[in-house]
Each structure stands twice: as C-alpha cells, then as structure tokens.
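One letter stands for each residue in the lines below.
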Amino acid sequence: MKRFVMIAAVSILMLPSPGKASTLEDKIMKGKQISSDNMKGNCLACHAIQGAEMPGNLGPPLLQMKLRYPKRKVLHDQIWDATKKNPQSIMPPFGKHGILTHEEVDLVVDYMYSL
Amino acid sequence: MKQTLFKRSLALLLVLVAMMAARQVVAADFQANVQTDIKVFRDFFAARFPEVKFADYANGVYAIDADACQQWKEIEEFPPYSIAVEDGKVLFEKPFANGKTYTAYFQNGGVVRQNYPYYDEKKGTVVTLEMAINECRVANGEKPLEYKGGDIAKISAYMAFISRGKPVDVKVESEGAYKAYMKGKEFFYAKRGQLNMSCAGCHVKYAGGWVRSEILSPALGHTTHFPVFRSKWGEIGTLHKRYGGCSDNIGAKSFAAQSEEYRNLEFFETVMSNGLSFNGPASRK
Amino acid sequence: MDQLHENKEKTMISRILFVAALIAVMLSTGELSAEVITTKVLIEQADAARKEAASIGYEWRDTASLITKAKEALANGQEEDAQKLARKALIEGQQALEQGRLMSKQWEIYIPKS
C-alpha cells in the first residue's frame, strides 16, 4: 500500500502543471505577435527586423538587442516611454500612452532579446 | 488758453504718431519673423536634399525619390484627376438657381487659387478656397457643400488647374494674421495623439524616411498641389480631408474639415511654401 | 418618562433595522456594489479629463468611444469589462491632457534643428 502511494505521488509530481507560466519560447512568440500587430507595437513601421519585409527606417535596426541593451529594465523603459531619454524622439510612448501594458512590454523585450 | 490747447493738441499728435510708428515696427517684426521662419524651413530641406531644385518641392515625394518620380510621370500621362477637373468645370460654370455663377464672386474667370489662403481682417480668420466656394454658394442661396470630397473637391480641382503656375505668396501683415500663423505653426510642431507625433516629426525631421514602404513627403510644398486624387481614396479629395486622415493615423481626434485649427495649419504650411508655384490638382498614393 | 424613552428607542431601533435591510437588499442586487461605484467614478473622471484635453485641442481619437463602451458594458452588467474600459479611457484622458499642457508650454523645443 505504501509503495503504491509513493509511486502514485511521484507520478503526479512528474506531470506538467496545468496553467503555469509559459516557456520562454511561448513568450518570444507572444512578443513577436505584439510587435507585428499594427494596432500594438507595429515595430516594423519604423524599424528593420531581420527577415521582415518592407521595414521602415526611421529608427535603428533591431538586432543584437541583448548586446545593446544588456539591462532588461533599460529596454523596458525605452519601449515604455522613449521620450524620457530623448524628448525629441518620434517613438510613441507605448506604455505611458496606454498602447501596451507592462506585461506586453515584457513580452516584447523577450522577443527583442531573441534578435 | 490757446497756447495750452495748442500744446495739448501737439502732445496728442505726437502720441498718436508714436503709436503709429510702434505699430509699423511691430508689423515689421511679424514680417521679419515670418521671413526668418521661411528661410530656416527652406535651409533645412536644402541641406537634407541638396540635389533637389527648390521649384520641384511642389511635387512632394516625387521630387525626392527617383523611382517614385518615374512611376508618377507614367501616371501623369493619363492623370487620374482629369475627370474631376472636367466635372469641376461643369459645376463651376453651371448657374445657381438665382441665375448667377461662381464668376460673380471669383474674378479672372476663377483663376484665383493664388489668392488663398489669406487672413481676412474683417472676419478675423483665415479664409481658404474651399471656404470661399461655400461662402459664394450661401451668398447666392445655395446649400454649402461637404468639405472633404465630392463636388467641392471637383470645383477646387478645376480652379487649381486653371490657376496652375501662379506663385505662392501668402501675406502675414497684421497682428491678427500673425496670430493665426503662430497657431498654425504651433499645431505643426506640437506632438499630439496617442502616438505622440507631430507634422514636423514625419515631414521635416524624418522627411525622405520610410514608414514601411511609404516615403515621408517633405513639408515644403505640401499645400501647393491640392486637391489630390489619392489612389487610397479612389477619388479626388481636399487638403483638410488629408489633415483629418493624418490626425486619425496618429491617434488624435481629428478636427472638422475647414475648422479653425486646420485653416490655421493650412495658412502656416502655405506661407512656408511661399516662392513655389501652385500646381494642383495632383495624383498621390 | 420611562415609557416615552422606551417608545423613542423602539422607533429608533426599527428605523435602523429598516435602513440596514434596505442596504442589504441593495447590496445583494448589485445596485451599490463597490465595483459599480468604482467604474462609475472612473468613467466620470475619464470624461472630465477627455473634455479638458479637448478644450485645449489635444483630445485623442479613441477616448470618447472607450467611455461609451464602458457605459454600455456597465448597463449590461459586464462589470469587469466596464472597469477595464473605464481605466483605459482614464489613462488616455489623463495622458492627452498632460501632453496638451506640455505642448502648449514648450512646443517650440520640438522644432527640428537639422
């Protein structure tokens, strides 16, 4: 009986937990969706991303983002409100102006870090 | 007694002369300020696009991009706005119910594009060509036309067409005119909307840049070629229709066509294009 | 004297009990729920901010329709949706007003230099 209970307990613990936070791959995919959505990030309007068609060129190309923004918070803040660093910036304040939530900006950062 | 009266009258006269002189100085200030603004504006684009001839700015993106220019030249062989011009001629020449026509209001057979926009001292506001067309209609017992497209755009297209080549020379010669000019200037440079963008952001600072596959047109020459047959609209439309669309695009609530805000903006933009020639109507993407 | 006091007390108690019952009924039917009150306040604040931004020419495109949708959701008993929409509208109204105030003061710094 004890053995049975032990085996059952171990089997249950080995099951993947339903409803837990998604994997990094999921996050990157969600971040990419938000970035491509022209009602949300619409990043390609102004930034080139490798492999994307007909990108704009008003902003710098988005590559080597982990190298350029090693601190996650700095990139998050830049997307949240680019005018804080540069008041002249044409980049919309995606967070401050209510276009993206903090969660969405986090997912975009996850996607950026994959570029 | 006589001497005191004489002294007082002289003093009053001197004060009046001083006031007049002051007004002249202030008026000269307006004009000097506006001239400075025009020079700064032109110099910016001359530095950004050194190969582009000044007169060519009236052609917008087609002046600054060779590929787009080639495509546009091909379109110009059978201009999509020509039907609107023909329709506009018919509308312009058709008498009102009272027997009069637009020529009773507009001189030179309607070759008056170059007179608009202007600051009307009596009305205390900027008057545009489309506004004047409706004023003419209402003065003759007709209903005013909708301002974004349709008949008013066709009439405006015809009048622009017959006025082609006339110089852009908008005057800012009074305090009222300068106030309207400055309101237009503020509108042009201020960021607005959820996207926090300004006219100047796209059409000055990033003029010539790409937004996806579209080139941002330079603001110099912006208003010379309206109304336009825009492929996106599939028909002829007015400058204020375009202003409204731009406002929408950046997440700002658009103003009504021919609102004071858009008339002041048109006033400022046209002053910045002083020295170019009117070349409407035009075709655009 | 005692009788008078006793009667007054009885009336007081019955009154208090009546009001308590009324509140209980209203709470149970959702008429006075904290959620609803919060959403209504948010909607009012959002509209006030939107109007003030409009008065200086800086109203945003979607704020009015967000407020309308919030009101509709509230009327349909969709309290969670209503509150989400109301919060979004409030952020928009406040940010538009802040933007307008800033621009009115210092639009000239945004004139591109080169």
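An account of the accompanying structure is given in this report. In this convention, every chain numbers its residues from 1, walking through the sequence in written order. Each chain is given a letter, starting from A, and each ligand a number, starting from 1, according to the order in which they appear as written. Owing to the predicted nature of the model, reporting of local features is limited to residues with pLDDT of at least 70; listing and counting of side-chain atom pairs is limited to 80 or more, with chain, interface and lining totals taken over all residues. As a convention, hydrogens and water are excluded, and side-chain values are obtained from all of the structure's heavy atoms.

**Thoughts on the packing of helix H3 (residues 63–75) of chain C against helix H4 (residues 79–106) of chain C**
Residue and element names in this part refer to chain C.
Argument step 1. Axes, fitted as lines to C-alpha atoms, cover a helix only where it is in contact. Angles between the N-to-C directions of the axes lie from 0 to 180 degrees. Only runs of H or I of at least four residues qualify as helices and only runs of E of at least two qualify as strands under DSSP, and these elements are numbered from the N terminus. The contact between H3 and H4 brings their axes to 8 Å, and the two run at 160 degrees. Judged by the inter-axis angle, H3 sits roughly antiparallel to H4. The crossing of H3 and H4 is left-handed. Here Thr-63, Leu-66, Ile-67, Lys-69, Ala-70, Ala-73 and Leu-74 of H3 lie close against H4, whose contacting residues are Glu-79, Asp-81, Ala-82, Leu-85, Ala-86, Lys-88, Ala-89, Glu-92 and Gly-93. For classification, angles of less than 35 degrees are called roughly parallel, those exceeding 145 degrees roughly antiparallel, those between 65 and 115 degrees roughly perpendicular, and all remaining angles oblique. Here is the rule for handedness: rotate from the far helix to the near one, and if that takes an anticlockwise turn smaller than a right angle the crossing is left-handed, while a clockwise turn gives right-handed. Here a residue-residue contact requires only that any non-hydrogen atoms of the pair lie within 4.5 Å.

**Quick notes on unusual backbone geometry**
Argument step 1. The amide bond that connects B:Tyr116 to the next residue, B:Pro117, takes the cis arrangement and shows omega of -10 degrees.
Argument step 2. Among the secondary structure elements, B:Pro117 is positioned in the loop between helix H4 (82–93) and strand S1 (118–120).
Argument step 3. The peptide bond linking B:Gly280 to B:Pro281 adopts the cis configuration, its omega dihedral lying at -15 degrees.
Argument step 4. Of note, B:Pro281 is situated in the loop between helix H10 (260–272) and strand S7 (282–284).
Argument step 5. You will see that A:Met54, though not glycine, has its phi angle at about 45 degrees, which is positive.
Argument step 6. Residue position: A:Met54 is located in the loop between helix H2 (24–36) and helix H3 (65–68).
Argument step 7. For A:Gln64, which is not glycine, the phi torsion reads 55 degrees and is therefore positive.
Argument step 8. Take A:Gln64: it is sitting in the loop between H2 and H3.

**Some points on the nonpolar core**
Residues and elements named next belong to chain B.
Argument step 1. Grouping buried Ala, Val, Leu, Ile, Met, Phe, Trp, Tyr and Cys residues that are joined through side-chain atoms within 4.5 Å yields what is termed a nonpolar core. Three labels apply to residues, based on accessible area from a 1.4 Å probe with only protein chains included: buried if under 20% of the type maximum, exposed if over 50%, partly exposed otherwise in between. The biggest cluster of nonpolar side chains holds 54 residues, and the ones touching the most others in it are Phe-41, Phe-45, Tyr-181, Phe-188 and Phe-267.
Argument step 2. Put simply, the parts of the chain that give this core at least two residues each are helix H1 (2–48), helix H2 (61–64), helix H3 (66–76), helix H7 (175–189), helix H8 (199–205), helix H9 (239–249) and H10.
Argument step 3. Take this core: its biggest share by element is seven residues, from H7.
Argument step 4. If you look at the next biggest cluster of nonpolar residues, it comprises 26 residues, including Ala-132, Leu-145, Ile-152 and Ala-157.

**Let's talk about the interface of chain C and chain A**
A common way to report how large an interface is uses the accessible area buried once the components associate.
Argument step 1. Taken together, the contacts link eight residues of chain C with five residues of chain A.
Argument step 2. Note: buried area is the sum, over both parts, of the accessible area (probe 1.4 Å) each one loses when the two are combined. When chain C packs against chain A, close to 610 Å² is buried across both sides, 45% of that on carbon and sulfur atoms.
Argument step 3. Area buried by chain C at its contact with chain A is led by C:Trp60, C:Gln95 and C:Tyr110, which between them contribute 50% of it.
Argument step 4. Any Lys or Arg side-chain nitrogen found within 4 Å of a carboxyl oxygen on Asp or Glu counts as a salt bridge. If you look at where chain C meets chain A, you find one salt bridge.
Argument step 5. C:Glu98 is the partner of A:Lys96 in a salt bridge, and the nearest nitrogen-oxygen pair spans 2.9 Å.
Argument step 6. Polar contacts, as counted here, are pairs of nitrogen or oxygen atoms within 3.5 Å of one another; within protein the pair requires one atom able to donate a hydrogen and one able to accept it, and residues that are adjacent in sequence qualify only if both atoms are side-chain atoms. At the surface where chain C touches chain A, the tally comes to three residue pairs in polar contact (both at pLDDT 80 or more).
Argument step 7. Only Asp, Glu, Lys and Arg are considered charged in this grouping, and only Ala, Val, Leu, Ile, Met, Phe, Trp, Tyr, Cys and Pro are considered nonpolar; every other residue, Gly among them, is considered polar. When its residues are assigned to classes, the side of chain C that touches chain A shows four nonpolar, two polar and two charged.

**A closer look at the sheet that holds strand S5 (residues 228–230) of chain B**
Residue and element names in this part refer to chain B.
Argument step 1. Two strands form a pair only when DSSP identifies at least two bridges running between them. Pairing is mixed across the open sheet formed by three strands, whose spatial order is S6-S5-S7. Both outer strands of the open sheet, strand S6 (235–237) and S7, are each paired with one neighbouring strand and no more. Strand-to-strand twist in this sheet, taken as the mean axis angle between neighbours without regard to direction, amounts to 35 degrees.
Argument step 2. In the sheet, S5 pairs with S6 via three bridges, with the strands oriented antiparallel. Bridged to Phe-229 within S6 is Ile-236.

**Topic: a nonpolar patch on the surface**
Argument step 1. Together, B:Phe6, B:Leu10, B:Leu13, B:Leu14 and B:Val17 make up a nonpolar patch on the protein surface, roughly 520 Å² of accessible area in all.
Argument step 2. Among the secondary structure elements, B:Val17 is positioned in helix H1. Distance thresholds for patches are 9 Å for like charges and 5 Å for nonpolar side chains (Val, Leu, Ile, Met, Phe, Trp, Tyr), applied to residues having over 30% relative accessible area and no salt bridge. All accessible areas in this document rest on Shrake-Rupley with a 1.4 Å probe, and a residue is counted as covered only by the protein chains that are shown.

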